[in-house]
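# Fold and contact review
Listed here are the chains, written in short residue letters.
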Amino acid sequence: MTRFTAKAVERHIRKNHPGCPDFAVTYIVERISERDWQGRSLGAAVGTTMQGILRHVMTDYDSLLLAGIDRIEARKRVQPRINALLAVWSKERKRSPIPSDEKTSLE
């Protein structure tokens, strides 16, 4: 039985996918840490989970299936979008600077 702690999963995501939004990190951590990965590595678990979430939530994959498109063909059609999103998540997020007038009100 292969299980990963939430802490280990979060550390892996933040290191390898620093552009992943915080809400997505939380969701992915939950999904991964609650199941048995049957000997798969942490990287494989994260990759599989991210691919699945992006496929079903951020593409028209399910609509393609409902329209009668074969599963393999539907995956081919949405994979470029998934790859693009993963590329964004693999880069460090650029934080917007706080405007100077707001900065003083926060201090």
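Heads up: the structure comes first, above all this text.
Here's what I pulled together on the structure shown here.

### Overview of helix H3 (residues 42-57)
Spanning 16 residues, H3 covers 22 Å between terminal C-alpha atoms, matching the ideal 22 Å at 1.5 Å per step. Those residues of H3 that sit buried are Leu-42, Ala-45, Val-46, Thr-49, Met-50, Gly-52, Ile-53, Leu-54 and Arg-55. Here the buried face of H3 lies against helix H1 (6-16), helix H2 (22-33), helix H4 (61-66) and helix H5 (71-89).

### Notes on H5
Under the 1.5 Å per step criterion, the end-to-end length of H5 is 25 Å for 19 residues, consistent within 8% with the ideal 27 Å. Its axis deflected by about 40 degrees at Val-78, H5 carries its strongest bend there, up to four residues before the proline Pro-80. Among all positions of H5, only Ala-74, Val-78, Ile-82, Leu-85, Leu-86 and Trp-89 are buried. Close packing links the buried residues of H5 with H2, H3 and H4. Measuring from the backbone nitrogen of Ile-72 back to the side-chain oxygen at the start of H5 gives 3.1 Å, which picks out Asp-70 as the cap.

### Thoughts on the layout of surface pockets
Of the voids in this model, the largest pocket is the one considered here, and its volume is about 180 Å³. Lining the largest pocket are Pro-21, Phe-23, Ala-24, Tyr-27, Ile-28, Ile-53, Leu-54, Val-57, Met-58, Leu-85 and Trp-89. For the lining of the largest pocket, the secondary structure elements donating two or more residues are H2, H3 and H5. For the lining of the largest pocket, the leading source of residues is H2, giving four residues. Residues of the lining of the largest pocket, tallied by class, amount to 11 nonpolar, no polar and no charged.

### Concerning the environment of Arg-11
With respect to the secondary-structure elements, Arg-11 resides in helix H1. Assessed through its relative accessible area of 53%, Arg-11 is described here as exposed. Between the alpha carbons of Arg-11 and Val-29 there is a distance of 9.7 Å; along the sequence they are 18 residues apart.

### Some details on the environment of Arg-35
For Arg-35, the position within the fold is in the loop between H2 and H3. Given the relative accessible area of 41%, Arg-35 is considered partly exposed. Along the chain, Arg-35 and Thr-2 lie 33 residues apart, while their C-alpha atoms are 8.4 Å from each other.

### Looking at the packing of H1 against H3
Contact geometry for H1 and H3: axes closest at 10 Å, N-to-C directions at 75 degrees. Classed by the angle they form, the pair H1 and H3 counts as roughly perpendicular. Contacts from Ala-8, Val-9, His-12 and Ile-13 of H1 reach H3 at Leu-42, Gly-43, Val-46 and Met-50. Each residue belonging to the contact of H1 with H3 can be placed in one class, and the counts come to six nonpolar, two polar and no charged.

What counts as what
- Residues numbered from 1 in each chain as written.
- Predicted model: local features only at pLDDT ≥ 70, side-chain atom pairs only at ≥ 80, totals over all residues.
- Heavy atoms only, no water.
- Helix = DSSP H or I, 4+ residues; strand = E, 2+ residues; numbered from the N terminus.
- Expected span 1.5 Å × (residues − 1).
- Buried < 20%, exposed > 50% of the residue type's maximum accessible area, 1.4 Å probe, protein only.
- Contact = heavy atoms within 4.5 Å.
- Bend = angle between axes of the 7 residues up to and from the residue.
- Polar contact = N/O pair within 3.5 Å; in protein donor to acceptor, adjacent residues only side chain to side chain.
- 1 Å grid on protein atoms, 1.4 Å probe; cavity = no way out; pocket = protein on both sides within 12 Å on 5 of 7 lines; lining within 4 Å.
- Points joined across faces, edges and corners; volume = space filled by probe spheres on them.
- Nonpolar A, V, L, I, M, F, W, Y, C, P; charged D, E, K, R; others polar.
- Axes fitted to C-alpha atoms, helices over the stretch in contact; angles between N-to-C directions.
- Parallel < 35°, antiparallel > 145°, perpendicular 65-115°, else oblique.

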